[in-house]
Amino acid sequence: MVKLGRILSRATAKPYRTAHLTLDEPPYLNEQGHVDFKPGDIENPHNWSTPRRWYVTVCAVLLVVNATFASSAVSGCFGSISREFGVSEEAAGLTITLFLLGYCAGPLIFAPLSEFYGRRWIFYSTFLLYIAFNFLCAFAPNFGSLLVGRFLTGTFVSAPLSNSPGVLADLWGPVERGNTMAAFSCMVWVGPALGPVVGGFLELKKDWRWSFYVLLWLGAGTALPMFTIPETFGPMILVHRARRIRRAQIPGYENVKAPVEEGDRTLLGTYKVALTRPWIILFDPISFLCAVYMSIVYMLLYMLFSIYPIVFQQQRGWNAGVGELPLIGTVVGSFIGGIIVLLDSKRKTKKIEKGIPMKPEDRLTIAMIGGVGFPVTMFWFAWTANYSWIHWIVPTIAGVFLATSLMLIFVGYLNYLVDSYLMYAASAIAVNTVCRSACGAAAPLFTNYMFDALGIGGGGSLIGGVATVLALIPFAFYKYGERIRIRSRFAPTGPKISNDEEAQQTEGEEKSAEGRAELPPMLSESSSTIDEGRDEIRVEKRRERGPRDENIDFGRR
């Protein structure tokens, strides 16, 4: 295992080799006497060169593209699956349902493991298992084995999906991260939209197995750069440094430790938090309403993969390939949303630099825009798609702005959850991910029945009506959110001190959570559950001392 680690370490894109690091000067310790990064430390990923950090970012985003593309690639091939195995197209939709149910494992199982063993080893093991079980899917002898393979591939690829944002947090500071996270958010939406397009054209000339051949080729091409991803998780890098110092037996530093080594660094302690606290936080008012809204948004995203074939194939008579092409409009819409998010991020950054205080509710401005746009574009899409005499470009353009609205809601609420729950953000986002993945998994099972019964206009109007009601939530949070947070046990507002016993047990193992307040969209799905308990005491002490520059402390981490 040691030799394997050395071989893989040689290929990584870090700017140093561990064997070349020397201990000529005394180890750098922080105020608590723990090993820490010194200013300009080459082992700190934040100090790596910009091209190197962008390279690692691209490698991480490629893993996410695999995960999102695979989630919907089979949707264009339901016809050939149903014919070969003698099942209905609704039953063929289980290939997406079980894959998305596998997504639930990411924040609850693999994110805590990445904090325990480091990010890159989780990437290596889970992505290789994802590729292996794609072989099971590609050569499945019966429908049952295909479903088992899809569930397992969804489970294993959920690790890169939930941990890749953590890599971006490891590499970039709060200000720089806006650009990388805007690109990352776009890829989360682009992958599912392109999957049905590729699958639809393969359905015309080949069959459903070719969708999995494409996934295997894409996975094999991604695995090569994946092995160059170095360890980027700061606390784990400090653990390795502390071990080297202890082995060197430097006088006065024989028992020095990294900050995370002081606490309950066991899998049992980690999972005690990871598997219990999220479900408690779910029923906090802010967390619950955000979960409801975002579950509807995510469910609609996967409903679109059934709605578009109804509109453009059944209604207009297009073939399986061309009938999926209008989904490219949602790709365009996601990029428009990413640009809006980026501009909004820059605007907020300028306000922070001017000393203007920011509240979590300020994150909701883009969600309010998306909340209004969601029902408007849904009604627009539904009733222009309902009549085949209306030019196809009209519902396609509606789909562009529908995707923009959904992305603004998605990003706005995730940012709001992170800023509201701070040290509990990992748990809040974890349960949110599980809820929305479960709802997205249900979409292929009922969408065709719903639109057969209500028609395109009626089915779309039902979704638009629900969206109209939900559009009130961001406006209500913007006005009353602070009052709700004051009454919340988990949203740290004002002088209130949390009475969470798990956090109190780790007093003396203090670690800053200030940087987490600046976490970008989808980042906290891989945030440390270990750190959650440690962070809250430090945050309460900071409140007593008064405000402090968040960027300074994040840099130290």
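Keep in mind that what you see is a predicted model, and the values were worked out from it rather than measured. (Residues numbered from 1 in each chain as written. Predicted model: local features only at pLDDT ≥ 70, side-chain atom pairs only at ≥ 80, totals over all residues. Heavy atoms only, no water.)

**Some remarks on helix α14 (residues 285-314)**
Under the 1.5 Å per step criterion, the end-to-end length of α14 is 42 Å for 30 residues, consistent within 8% with the ideal 44 Å. Along α14, the sharpest change in direction is near 35 degrees and occurs at Leu304. Of all 30 residues in α14, 23 are buried; the element is thus mostly enclosed. (Helix = DSSP H or I, 4+ residues; strand = E, 2+ residues; numbered from the N terminus. Expected span 1.5 Å × (residues − 1). Bend = angle between axes of the 7 residues up to and from the residue. Buried < 20%, exposed > 50% of the residue type's maximum accessible area, 1.4 Å probe, protein only.)

**As for the side chain of Glu203**
With respect to the helices and strands, the residue Glu203 is situated in helix α9 (residues 177-205). Here Glu203 falls in the buried class, since its relative accessible area comes to 14%. If sequence neighbours within four positions are ignored, Glu203 has contacts with Gly76, Cys77, Gly79, Ser80, Arg83, Trp208 and Ala320. (Contact = heavy atoms within 4.5 Å.)

**A short note on the packing of aromatic side chains**
Given two aromatic rings, one states the distance between the centres and the angle between the planes to describe the pair. In total, this model carries 26 aromatic pairs according to the counting rule given. Between Phe133 and Phe156 the ring centres are 5.7 Å apart and the planes differ by 10 degrees, which places this aromatic pair in the stacked class. Remark: Phe156 occurs in helix α8 (residues 143-171) and Phe133 occurs in helix α7 (residues 119-138); sequence separation between them is 23 residues. It is Arg436 that lies over the ring of Tyr298; its NZ or CZ is 5.7 Å from the centre. (Phe/Tyr/Trp six-rings, centres within 6.5 Å; stacked < 30°, edge-to-face > 60°. Lys NZ or Arg CZ within 6 Å of the ring centre and 35° of its normal.)

**Comments concerning the packing of α14 against helix α18 (residues 425-470)**
A packed helix pair is summarised by two numbers, namely the angle formed by the two axes and the spacing between the axes. α18 packs onto α14 with a crossing angle of 55 degrees between their chain directions and a minimal axis gap of 4 Å. Taken as axis vectors, α14 and α18 run oblique relative to one another. Both α14 and α18 take part in a crossing whose hand is right-handed. Counted by class, the contact of α14 with α18 contains 26 nonpolar, 8 polar and 1 charged residues. (Axes fitted to C-alpha atoms, helices over the stretch in contact; angles between N-to-C directions. Parallel < 35°, antiparallel > 145°, perpendicular 65-115°, else oblique. Left-handed = near helix turned anticlockwise from the far one by under 90°. Nonpolar A, V, L, I, M, F, W, Y, C, P; charged D, E, K, R; others polar.)

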